[in-house]
Amino acid sequence: MATIDRVEVLVTSPGRNFVTLRISTSDGVTGLGDATLNGRELAVAAYLEEHLAPLLIGRDPARIEDTWQYLYKGAYWRRGPVTMTAIAAVDVALWDIKGKVAGLPVYQLLGGRSRDGVLVYCHASGRDVESLLDDVAAYRERGFQAIRAQAAVPGLSGSYGVRKGAFYEPAATSLPDEQAWSTEAYLDFAPGYLAKVRERFGFGMHLLHDVHHRLTPIEAARFGRSVEELRLFWMEDPTPAENQEAFRLIRQHTTTPIATGEVLNSIWDVRRLITEQLIDYVRTTVVHAGGITHLRRIFDLAALYHVRTGSHGATDLSPVTTAAAVAVDISVPNFGIQEHMGHTPETYEVFRGTPRLENGMLYPSDEPGLGIEYDDEAAARFPYEPRYLPIARRLDGSMHDW
């Protein structure tokens, strides 16, 4: 029987910081897992190196469920983003190994296809309305069927979610960039530019918008109601998700679909949101919600309550997570949509292989496992550099949710 005989924690920064776990077995099979936690990367690296890696040596790599329970229940201090990201990395690496041993892609191990491809949404943005409309047009020309639209709020120093170059990378400074925020200015501006997107492009595409947790429940309710005629696919993260009860108030006032969950890490964090149907899409992701094993539990619960999936998929998730996410997406019955942002060419030098993108759809690799390989020589060219997401302050100088 093969056993785990090597566990490596790999840190590299090809345009953004990534932590990757590589598990090797005694018969020479390797598996990859993503362990990236944006802005707190080294906390997960240390958790893996100092706490989990010693527990894995000598274990049977085929016992994925048992290993998940061992790492979760064996720790007195449970849950939280660092713990769940570390467990996710182990879990995904073991699924990668199992696929390679079986000679099958991971999605086949999960039950095979429930659909031909995975609908994705891209990120269109602009410094003003006209540049946003031009960006939407560019994505439409590339065949995207679902587009998230964000424009910089006039008069504010920075608007999170607005791309500044060819690639969207908000974590670009060694200390957090402090940006000004005005809820009043945002609420006056955002519904209008979303209306202009609809006026120009019509209803033949899906239109999404991210609020980035920045509204109170009643403000979010007002925003949702103001854009109902625009038929948004969803409004994302309308209010901080720690208070699950807050979504009930939003639900009472608007029929605009609600999506949340990318900062939540377990089935217990989303239980009320799902079972009381306070949201329409759950956005938990493979890397931050305990891996494939635990994400499937969340999605299975969601299916019972007509809640669909919409996993987070920004550039702080490596191509390993993209491949794992698509394997889950294509197999679950209640799939909704998958966020997709292309990585830099440097990232693809390190991570070889990625799901195929065509006409706004992702298609999984049919290679055994996840179909991703890690290039150590390329990774060595990109040493780690601390990078943080920006933070928001109200115009009076007080902290605000970003």
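This text goes with the structure placed above it.
Everything numeric here is computed off the predicted structure, so don't read it as measured data. (Residues numbered from 1 in each chain as written. Predicted model: local features only at pLDDT ≥ 70, side-chain atom pairs only at ≥ 80, totals over all residues. Heavy atoms only, no water.)

Q: Just to check I follow, could you spell out the sheet that holds strand β1 (residues 4-12) for this structure?
A: In any sheet, the strands associate via hydrogen bonds between backbone groups, in a parallel or an antiparallel arrangement. Taken in spatial order, the 3 strands line up as β1-β2-β3 in an open sheet, and their pairing is antiparallel. Since the sheet does not close on itself, it has two edges, and those belong to β1 and β3 (30-34), each with one partner. The average angle at which neighbouring strand axes cross in this sheet is 20°, direction not considered. Where strand β2 (residues 18-25) meets β3, 5 bridges bridge the pair, whose relative direction is antiparallel. Note that in β3 the partner of Thr20 across the bridge is Asp34. Packed onto the sheet, helix α1 (residues 41-56) meets β1 and β2 and runs at close to 175° relative to β1. Lying on the sheet, helix α3 (residues 81-102) is in contact with β1, β2 and β3; it crosses β3 at an angle near 145°. (Pairing = 2+ DSSP bridges. Helix = DSSP H or I, 4+ residues; strand = E, 2+ residues; numbered from the N terminus. Axes fitted to C-alpha atoms, helices over the stretch in contact; angles between N-to-C directions. Contact = heavy atoms within 4.5 Å.)

Q: Just checking my understanding: could you explain unusual backbone geometry for this structure?
A: Excluding glycine, residues mostly have negative phi values, and the peptide bonds linking residues are mostly trans. Phi at Arg79 is positive, roughly 60°, even though this residue is not glycine. With respect to the helices and strands, Arg79 occurs in the loop between α2 (64-73) and α3. With a phi angle near 45°, Asp237 is a residue other than glycine that sits in the positive phi range. Here Asp237 shows up in the loop between β8 (234-236) and α8 (246-253). Judged by relative accessible area, which is 1%, Asp237 ranks as buried. (Buried < 20%, exposed > 50% of the residue type's maximum accessible area, 1.4 Å probe, protein only.)

Q: Would you mind showing me how to read the sheet that holds strand β6 (residues 178-181) here?
A: With mixed pairing, the 3 strands of this open sheet are ordered in space as β6-β17-β18. At either end of the open sheet lies a strand with only one pairing partner, and these are β6 and β18 (399-400). The sheet contact formed by strand β17 (residues 391-394) and β18 spans 2 bridges and is antiparallel. By the bridge assignment for β18, Ala392 is matched with His400.

Q: When you look at the pairing of β1 in this model, what are you seeing that I'm missing?
A: Remark: a regular strand shows side chains that alternate across the two faces of the sheet. Examined bridge by bridge, β1 and β2 share 8 bridges and lie antiparallel to one another. Across the sheet, the residue bridging to Thr12 is Phe18, located in β2.

Q: Whenever I open this one, the pattern of salt bridges confuses me. Can you help?
A: Side chains that carry opposite charge are capable of pairing whenever their charged atoms lie near each other. All chains considered together, the criterion is met by 24 salt bridges. In this structure, the salt-bridge partner of Lys100 is Glu373, at a minimum N-O distance of 3.8 Å. A residue pair is termed long-range when its members are at least 10 positions apart, and Lys100 in helix α3 and Glu373 in strand β16 (residues 373-374) qualify at 273 residues. For Glu373, a relative accessible area of 44% translates into the label partly exposed. Here Glu276 and Arg272 are joined by a salt bridge, their closest N and O atoms 3.7 Å apart. What makes Glu276 partly exposed here is its relative accessible area of 33%. (Salt bridge = Lys/Arg side-chain N within 4 Å of Asp/Glu carboxyl O.)

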